[in-house]
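# An overview of the molecular structure
The chain contents come next:
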Amino acid sequence: MAQQGRYRILMAKAGLDGHDRGVKVVSRALRDAGMEVIYTGLHQTPEQVVRAAIDEDVDAVGLSLLSGAHMTIFPRILDLLRQEGGGDILLFGGGTIPEDDVLTLKQMGVAELFTPGASTVDIVDWVRAHVGRPTEASAGR
Amino acid sequence: MATETPAGELVDRLLAGNRRAAGQVISRIEDESPDVESIMRGIFPHTGNAYVVGITGPPGAGKSTVVDELIRVIRASGKRIGVVAVDPNSPFSGGAILGDRIRMMRHSSDTGVFIRSMGARGHLGGLALAARNTILVLDAMGFEVVLVETVGVGQSELEIAGTADTVALVVAPGMGDGVQAIKAGIMEIADIFVVNKADHPQANKTVADIRDLLRMEIAPRAWTPPIVKTVAIRNEGLEDLWIRTRQHRQYLERSGELENRRKLRLEAEILEIADRRLREQVLEPSTETEEFQQLLDRVVHRETDPYAVADRIVPRPGLGGV
């Protein structure tokens, strides 16, 4: 019998940012929504994050950034994903990101950004609505 | 979403070493996509070269840290390594936080290492199959050693460990139930015992307990499992573990046991595939007929019995036709 395709999400922390309470809360919420979540742990390089995303064949990467380095790290991960043939893997994120930067990053190709105050329900709903693989995988039968 | 890449193209790309293709093929294996069979047939001729090491043991024994350190030791010898890390899913939501990878992230910048996390999902016995096929994918990609990490509880985890050439059982001292867990049927499949967290005061006691259990075995073993002490978090004892693993491999090769085990495993696999087909193509459809449903009602009312009905689906030997 075909297994129902399951959402696979990589939750990542990159750079010198040492705060991971938020990313853990979101990881837990996604798990409780029935998704498989792979968490990278702190202090990863964009290269490590992208390698993990490719090998694990995740549907989306959720990057948490509270360090202010978002204008460097988000574009770098987008670039690397494309280089590695993973341009179809959605990149979304969260953190303390000013509104102007949110707009710029979205224009670059970041699918969504959640700023302080976003609820886990909103994040789970967004992932469900925008990550398409599971229905597609089971449509093959 | 984008249309699915044809199976043949994915196989070609993964055989050429493309990680994206390998990752996607493993997803299809996990999703039990209809093209898995053709994918596996494309891959199979390129397999049989990897040495497969199972790392199993109770939760909290330090398996992921042992694997992480073992990767370091094996990479120092230049060999490329694939890792399959199996984690249980939440029985409540079906979701999972696949956490083994966290301990191994430093290897994510090394192209000689491919780590794949796998949730147990709802696979009914399919987990072992998915893990086995994933091992074959990594084997076909040219990874010389494949490490398979599983929690050593439950039948499917035992089955996965059973697909390894060498099985290392990791326990930690002071867990109380460590040796209990060993007794529950897993003792027999361990080729190497690893007492991790060996800086713990109870470590020598755990070593002695395992030694006692081994002495109590009735059937003598051709290979006596060594007991290796490690402190994985401080990089201690992992070289020794790798040496023991290689010794076990040499023993298997010299005694002809490696060939023998692999042959038996392939036999089991052929039977499993045939069994699956029999179930899907013969057994399950046979329950969908009206005749069967009537017979089932008669069984319910004790007018006939399950054996008589089964005879109609698969005749007993000596009974002739239906």
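Residues numbered from 1 in each chain as written. Chains lettered and ligands numbered in written order. Predicted model: local features only at pLDDT ≥ 70, side-chain atom pairs only at ≥ 80, totals over all residues. Heavy atoms only, no water.

### Focus: the overall build of chain B
The cut-off we apply is this: Labels follow the DSSP assignment, with helices taken as runs of H or I lasting at least four residues and strands as runs of E lasting at least two, numbered in each case from the N terminus. Each residue is placed in one exposure class: buried if its accessible area under a 1.4 Å probe, protein chains only, is under 20% of its type's maximum, exposed if it is over 50%, and partly exposed if it falls in between. The contact criterion used is simple: two residues touch if any of their non-hydrogen atoms lie within 4.5 Å. Note on areas: these come from Shrake-Rupley sampling with a 1.4 Å probe, and a residue is covered only by the protein chains present in the view.
Counting its secondary structure elements, chain B contains twelve helices and eight strands. Principal-axis analysis of the C-alpha atoms places the extent of chain B at approximately 65 × 55 × 45 Å. Considering chain B as a whole, with its 322 residues, one finds that 49% of them fall into the buried category. For chain B, restricting intrachain contacts to residue pairs at least 6 apart in sequence, the fraction spanning at least 24 positions comes to 74%. Surface exposure of chain B reaches about 15,700 Å², of which carbon and sulfur atoms provide 54%.

### A few points about the sheet that holds strand S1 (residues 51-57) of chain B
One key point about sheets: their strands pair by backbone hydrogen bonds, in either a parallel or an antiparallel sense. Residues and elements named next belong to chain B. Inclusion rule: Being paired, for any two strands, means DSSP has found at least two bridges between them. Helix axes are fitted to C-alpha atoms over the stretch in contact, other axes to C-alpha atoms as well, and angles between N-to-C directions run from 0 to 180 degrees.
Pairing is parallel in the open sheet, where seven strands are placed in the order S4-S2-S5-S1-S6-S7-S8. The sheet is open, and its two edges are formed by strand S4 (113-119) and strand S8 (227-229), each paired on a single side. Neighbour-to-neighbour, the strand axes of this sheet turn through a mean angle of 20°, independent of strand direction. In this structure, strand S7 (residues 192-195) lies alongside S8, joined through three bridges in parallel fashion. Note on S8: the bridge partner recorded for Val195 is Lys229. Its contacts with the sheet put helix H9 (residues 238-255) on S1, strand S5 (145-151), strand S6 (166-171), S7 and S8, and the angle it makes with S1 is roughly 125°.

### So, the side chain of Thr65 of chain B
Take Thr65 of chain B: it is sitting in helix H4 (residues 63-76). On the accessibility criterion, Thr65 of chain B (17% relative accessible area) is buried.

### With respect to the confidence of the model for chain A
What counts here: Residue-level confidence of the predictor is summarised by pLDDT, bounded by 0 at the bottom and 100 at the top.
Summing up the model confidence of chain A, the mean pLDDT is 89 and the portion of residues at 70 or higher is 90%. When the criterion is pLDDT under 50, residues 134-141 of chain A qualifies, and its contacts beyond four places in sequence or with other chains add up to 13 contacts.

### What about the sheet that holds strand S4 (residues 90-95) of chain A?
The six strands are arranged S5(A)-S4(A)-S3(A)-S1(A)-S2(A)-S3(B) in an open sheet whose pairing can be described as parallel. Two strands bound the open sheet, and with one partner strand each, they are strand S5 (112-114) of chain A together with strand S3 (96-98) of chain B. Taken over all neighbouring pairs, the strand axes of this sheet differ in orientation by 25° on average, direction set aside. In this structure, strand S1 (residues 8-13) of chain A lies alongside strand S3 (residues 60-65) of chain A, joined through five bridges in parallel fashion. Looking at the pairing, Leu10 of chain A lines up with Val61 of chain A of S3 of chain A.

### As for the packing of helix H5 (residues 126-140) of chain B against helix H10 (residues 257-286) of chain B
Residues and elements named next belong to chain B. Heads up, the condition is: Any angle that is under 35 degrees is reported as roughly parallel, and any over 145 degrees as roughly antiparallel; angles of 65 to 115 degrees are reported as roughly perpendicular and all others as oblique. Rotating anticlockwise by less than a right angle from the far helix to the near helix defines a left-handed crossing, while the corresponding clockwise rotation defines a right-handed one. Amino acids are sorted into nonpolar (Ala, Val, Leu, Ile, Met, Phe, Trp, Tyr, Cys and Pro), charged (Asp, Glu, Lys and Arg) and polar (every other residue, Gly among them).
At a minimum axis distance of 13 Å, the contact between H5 and H10 shows a crossing angle of 125°. The orientation of H5 with respect to H10, classified from their angle, is oblique. H10 is crossed by H5, and the crossing has left-handed handedness. On the side of H5, the interface is formed by Gly126, Leu129, Arg132 and Asn133, while H10 contributes Glu269, Glu272 and Arg276. Here the residues of the contact of H5 with H10 sort into one nonpolar, two polar and four charged.

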